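# Secondary and tertiary structure notes
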Amino acid sequence: AHVAELLSRVVEEWQLSDKDVVLRALKVATLSKLLGRVRRITTFFHRSTTANHYLKEKQKCLGLKNHKLITDVATRWNSAYDMVERFLEQQPAICATLLSPEVRKGQSDLCTLNETDVSNAEDAVSALKPMKDATTLMSEESNPTVSLIAPIIAQLLQNMTGTIGDSPMIHAIKNAITTDLLKRYNGEAEKKILHTASALDPRFKGLPFLTVEERLEIYRGVTEEAASLENERTEVIDGPPAPKRKASSSSLLVSKRYLCIPGTSVSAERVFSTAGDVVTAKRSTLKPEHVDQLVFLQKNLHIPKC
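This section reports on the structure supplied with the text.

What counts and how
- Residues numbered from 1 in each chain as written.
- Predicted model: local features only at pLDDT ≥ 70, side-chain atom pairs only at ≥ 80, totals over all residues.
- Heavy atoms only, no water.
- Helix = DSSP H or I, 4+ residues; strand = E, 2+ residues; numbered from the N terminus.
- Buried < 20%, exposed > 50% of the residue type's maximum accessible area, 1.4 Å probe, protein only.
- Areas by Shrake-Rupley, 256 points an atom, 1.4 Å probe, with all protein chains shown as cover.
- Core = buried A, V, L, I, M, F, W, Y, C linked by side-chain atoms within 4.5 Å.
- Contact = heavy atoms within 4.5 Å.
- Patch = residues over 30% accessible without salt bridge, like charges linked within 9 Å, V, L, I, M, F, W, Y side chains within 5 Å.
- Salt bridge = Lys/Arg side-chain N within 4 Å of Asp/Glu carboxyl O.
- Phe/Tyr/Trp six-rings, centres within 6.5 Å; stacked < 30°, edge-to-face > 60°.
- Lys, Arg positive; Asp, Glu negative; His and termini not counted.
- Polar contact = N/O pair within 3.5 Å; in protein donor to acceptor, adjacent residues only side chain to side chain.
- Axes fitted to C-alpha atoms, helices over the stretch in contact; angles between N-to-C directions.
- Parallel < 35°, antiparallel > 145°, perpendicular 65-115°, else oblique.
- Left-handed = near helix turned anticlockwise from the far one by under 90°.
- Arc of directions from axis to C-beta.
- Nonpolar A, V, L, I, M, F, W, Y, C, P; charged D, E, K, R; others polar.

Okay, the overall build of the protein chain next. Counting its secondary structure elements, the protein chain contains 14 helices and zero strands. Along the protein chain, helices (α) and strands (β) appear in the sequence α-α-α-α-α-α-α-α-α-α-α-α-α-α when read from the amino end. Buried residues in the protein chain amount to 39% of all 306 residues. Here the protein chain displays about 18,400 Å² of accessible surface, and carbon together with sulfur accounts for 56% of that area.

Ranked by internal contacts, the top residues of the largest apolar core, which has 65 residues, are Leu31, Phe45, Leu128, Ile173 and Ile177. Considering every element that reaches this core, the biggest residue donor is helix 7 (residues 115-138), with nine residues. Setting aside residues up to four positions removed in sequence, leucine 31 forms contacts with Ala25, Leu26, Ala124, Leu128, Met169 and Ile173.

Let us now look at a nonpolar patch on the surface. A surface patch of nonpolar side chains, amounting to about 270 Å² of accessible area, comprises Val212, Leu216 and Tyr219. Note on placement: leucine 216 falls in helix 11 (residues 212-238).

Moving on to the packing of aromatic side chains. In total, this model carries one aromatic pair according to the counting rule given. Residues phenylalanine 44 and phenylalanine 45 carry aromatic rings whose centres are separated by 5.7 Å and whose planes lie at 75° to one another, so their mutual orientation is edge-to-face. An identical accessibility class is assigned to phenylalanine 44 and phenylalanine 45; each is buried.

This next bit is on unusual backbone geometry. Backbone geometry follows two general trends: most residues other than glycine have a negative phi, and most peptide bonds adopt the trans configuration. Positive phi, normally seen in glycine, also occurs at leucine 207, with a value near 45°. Classification of leucine 207 as buried rests on a relative accessible area of 0%.

Turning next to the side chain of aspartate 123. Summarising the element assignment, aspartate 123 is placed in helix 7. Look at aspartate 123: it is buried, it has no salt bridge, and the nearest opposite charge is lysine 174 at 9.7 Å. Polar side-chain contacts of aspartate 123 include one of 3.0 Å to the side chain of serine 167. Among all residues touching aspartate 123, those that are not within four sequence positions of it are Ser167, Met169 and Ile170.

Before going further, it helps to spend a moment on the packing of helix 3 (residues 49-62) against helix 5 (residues 91-98). Direction vectors running N to C along helix 3 and helix 5 enclose 130°, while the axes themselves pass 8 Å from each other. The angle between helix 3 and helix 5 places the two elements in the oblique class. Judged by the twist between their axes, the crossing of helix 3 over helix 5 is right-handed. In this structure, helix 3 contributes Ala51, Tyr54, Leu55, Lys58, Gln59 and Leu62 to the contact, and helix 5 contributes Pro92, Ala93, Ile94, Ala96 and Thr97.

Once that is clear, we can look at helix 5. Buried residues of helix 5: Ala93, Ile94, Thr97 and Leu98, and no others. All buried residues of helix 5 fall inside an arc of 125° around its axis, so they share one side. Elements in contact with the buried residues of helix 5: helix 2 (29-47), helix 3, helix 4 (78-89) and helix 6 (101-104).

Further remarks concern the packing of helix 4 against helix 7. Viewed as axis vectors pointing N to C, helix 4 and helix 7 meet at an angle of 135°, and their least axial separation amounts to 10 Å. As far as their axial angle goes, helix 7 and helix 4 are oblique. Crossing hand, helix 4 versus helix 7: left-handed. In this structure, helix 4 uses Asn78, Tyr81, Asp82, Val84, Glu85 and Leu88 to contact helix 7, whose residues at the interface are Val118, Ala121, Glu122, Val125, Leu128, Lys129 and Lys132. When the residues that make up the contact of helix 4 with helix 7 are grouped by side-chain class, the tally is seven nonpolar, one polar and five charged.

Moving on to the pattern of salt bridges. In the structure shown here, the tally under the stated rule is nine salt bridges. One salt bridge in this structure joins lysine 174 and aspartate 166, with 3.2 Å as the shortest N-O distance. When its relative accessible area of 11% is taken as the criterion, lysine 174 is described as buried. Between arginine 220 and glutamate 217 there is a salt bridge, with the nearest N and O atoms lying 2.7 Å from each other.

Moving on to the environment of valine 22. By secondary structure assignment, the location of valine 22 is in helix 1 (residues 2-26). Under the relative-accessibility criterion, valine 22 is labelled buried at 0%. Residues valine 22 and aspartate 180, 158 residues apart in the sequence, show an inter-C-alpha distance of 9.1 Å. Residues within four places of valine 22 in sequence aside, it is in contact with Trp77, Leu128 and Met131.

Let us look at the environment of valine 21. Within the secondary structure, valine 21 is located in helix 1. Between the alpha carbons of valine 21 and methionine 131 there is a distance of 9.0 Å; along the sequence they are 110 residues apart.

Given below as structure tokens:
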């Protein structure tokens, strides 16, 4: 029960870390004001059919992709990143559209981003990209196990290290993210679980993000746990364990014990969303067993080839 509680806390910690760390960065004064300006412009394009029409024409003339602008959603931090990234992609077309007399007619309060704003937007996207990549990786359904958490945090802390060429806004963003990340996963039991899981994952078994002493300690713990499992298994099958018996299949049991742990609850939440899509007002008489079958088929329809 204690281990289960620890694992639950580890997963919950990542869920909170993913969201809260970036939300703190988004509250940096310069970035917050920039997001407000970009949001105001994207909202205008969403509401104005005339502006949308001219935007498509400018995109075609400038050879830009016919992408719609994105407005961020308060409950999803990465939507702010997507909004700014898409704005930068379409910035020439947006600027040309907002300067069109047809679009400005009757719109006295329209504004565009100046050169400093655009530069800040580019800095924000650059600084937040590691967090976006980490979020995307941990949201995949293929293999987001708990073994990913420690390497990702170590990589994020490395990416958030300040450099001489950082602008004041980049420095503020990195500082906010680093300060928050350093407060998380400080418990020895939590760190042991994360590092052990990474050591058992072939992708991270070298534990390059730990010191030599920390690596040896983790390897020693894995070996002892494997030997303990082997002794327990032998005692159940054959009676008292033979002395100095080497661990064999128990190492596989240790791996299964840790690598089966999901790193986030995203996959489980998506199953509930799928169930909501299956059971609609027009399909409210579906039997529970049929709902289970439909959800299972939807989540396992595309089986990867070995």
